[in-house]
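Chains, contacts and geometry: an overview
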Amino acid sequence: MAPVIPGFTYDRVPVSASVSLSVAVGGSGRPLVLLHGFPQTHLMWRHVAADLAADHTVICPDLRGYGASDKPVETDGTVYAKRTMAADIVALARALGHERFALAGHDRGALVAFRAGLDHPETITHLTCLDVLPTLDMWEVMRGVDAAVGFHLYLMAQPEGLPERMIAAAPDAFFGYFLDTWAGDAGAVPADVRAAYLDACRAAVPSIVADYRASARIDIEHDRADRDSGSQLTMPVGVLQQDWGAALGFDAAALWGDWAPRLRHTSVAYGHFMAEEAPTEVARELRALMTG
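Conventions we followed
Residues numbered from 1 in each chain as written. Predicted model: local features only at pLDDT ≥ 70, side-chain atom pairs only at ≥ 80, totals over all residues. Heavy atoms only, no water. Phe/Tyr/Trp six-rings, centres within 6.5 Å; stacked < 30°, edge-to-face > 60°. Helix = DSSP H or I, 4+ residues; strand = E, 2+ residues; numbered from the N terminus. Buried < 20%, exposed > 50% of the residue type's maximum accessible area, 1.4 Å probe, protein only. Lys NZ or Arg CZ within 6 Å of the ring centre and 35° of its normal. Contact = heavy atoms within 4.5 Å.

1. Notes on the packing of aromatic side chains
Summed over all chains, the structure comprises 14 aromatic pairs. Taking 5.8 Å as the distance between ring centres and 75° as the angle between the ring planes, the aromatic pair formed by Phe151 and Tyr177 counts as edge-to-face. Of this pair, Phe151 sits in helix H5 (residues 151–155) while Tyr177 sits in helix H7 (residues 171–181), and the two are 26 residues apart along the sequence. What makes Phe151 partly exposed here is its relative accessible area of 36%. With centroids separated by 5.1 Å and ring planes inclined at 80°, the aromatic side chains of Phe174 and Phe175 adopt a geometry described as edge-to-face. Note on Phe174: relative accessible area 12%, which makes it buried. Of the residues examined, Phe175 reaches a relative accessible area of 1% and is grouped as buried. By the ring-pair criterion, three or more aromatic residues cluster together here, those being Phe38, Phe151, Phe174, Phe175, Tyr177, Phe178, Trp182, Tyr212 and Phe273. The residue whose ring lies beneath Arg108 is Tyr212, and the NZ or CZ to ring-centre distance is 3.8 Å.

2. Comments concerning helix H9 (residues 205–215)
Within H9, ten of the eleven residues are buried, leaving the element largely enclosed by the surrounding structure. Listing the buried residues of H9 in full gives Val205, Ser207, Ile208, Val209, Ala210, Asp211, Tyr212, Arg213, Ala214 and Ser215.

3. Re the environment of Leu136
Relative to the assigned elements, Leu136 resides in helix H4 (residues 135–141). For Leu136, a relative accessible area of 1% translates into the label buried. For the pair Leu136 and Ile220, spaced 84 residues apart in sequence, the C-alpha to C-alpha distance is 5.3 Å. Beyond its immediate stretch of four places on either side in the chain, Leu136 contacts Ile220, Asp223, Arg224 and Arg227.

Structure follows, in structure tokens:
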């Protein structure tokens with residue numbers, strides 16, 4: 001049996017005419033939606049979600065294209081645009097009875113959360129992003145041999161066909177590489193959860209690639225339009241991230257500050273999978289932002 005978040009109930013919720021999301025919900029109180037990253041599913045939040053469910057209604061979906069959620073075919077660039085994926089999350093929360101909610105995302109989920117904050121400022125009360133830069137800034141700082149750490153970004157930015165075939169030829173090696181090399185604590189992802197991640201990714205190669213391809217195309221267009229117009233995140237924003245800037249030569253806090261005037265930026269020493277490596281600290285930071 002696949003692992004689940006203990007004490008949470010599972011459901012499938014339609015968020016558009018053609019897409020339903022798989023979601024785990026637990027706890028009671030002010031709503032908080034948690035969005036997972038790559039190469040994971042909602043299970044990455046299992047420890048944090050259980051902690052926060054003591055005083056919040058915690059909503060943990062699998063993103064469009066991931067896990068047990070629907071995986072529509074990439075007919076055009078909008079299907080996996082972060083704008084579309086953010087609209088999924090707003091529709092999901094509304095279907096569950098929440099017109100306003102706090103939102104936190106890790107990695108890919110953080111990019112969806114960022115877009116939701118810009119597109120739906122009246123809906124998102126607090127926003128937390130874990131270990132990313134906004135899409136436009138990410139591409140602008142990726143340069144030189146030190147940026148080789150992001151090779152997968154360039155691979156999955158390629159036109160449809162080649163990246164899907166290459167990844168599908170050895171999916172466990174590809175996705176497992178990131179689970180191994182990005183972890184600061186190898187024991188933070190136990191064998192059953194790792195197997196669930198690999199199973200989910202193996203079944204979702206085209207949609208995962210489509211998600212990344214969108215971030216090299218339409219997501220940049222949306223970010224650039226917002227930056228050019230001076231749009232900002234108006235809600236309190238928390239960012240937790242490793243100090244990638246030390247290696248790649250950028251000031252992450254300054255880049256985030258241009259988007260988020262009400263910013264709480266924290267550099268952390270634990271690895272990329274921080275919600276699994278340091279769940280107590282991550283839950284504490286989320287609570288601090290929402291109550292500060």
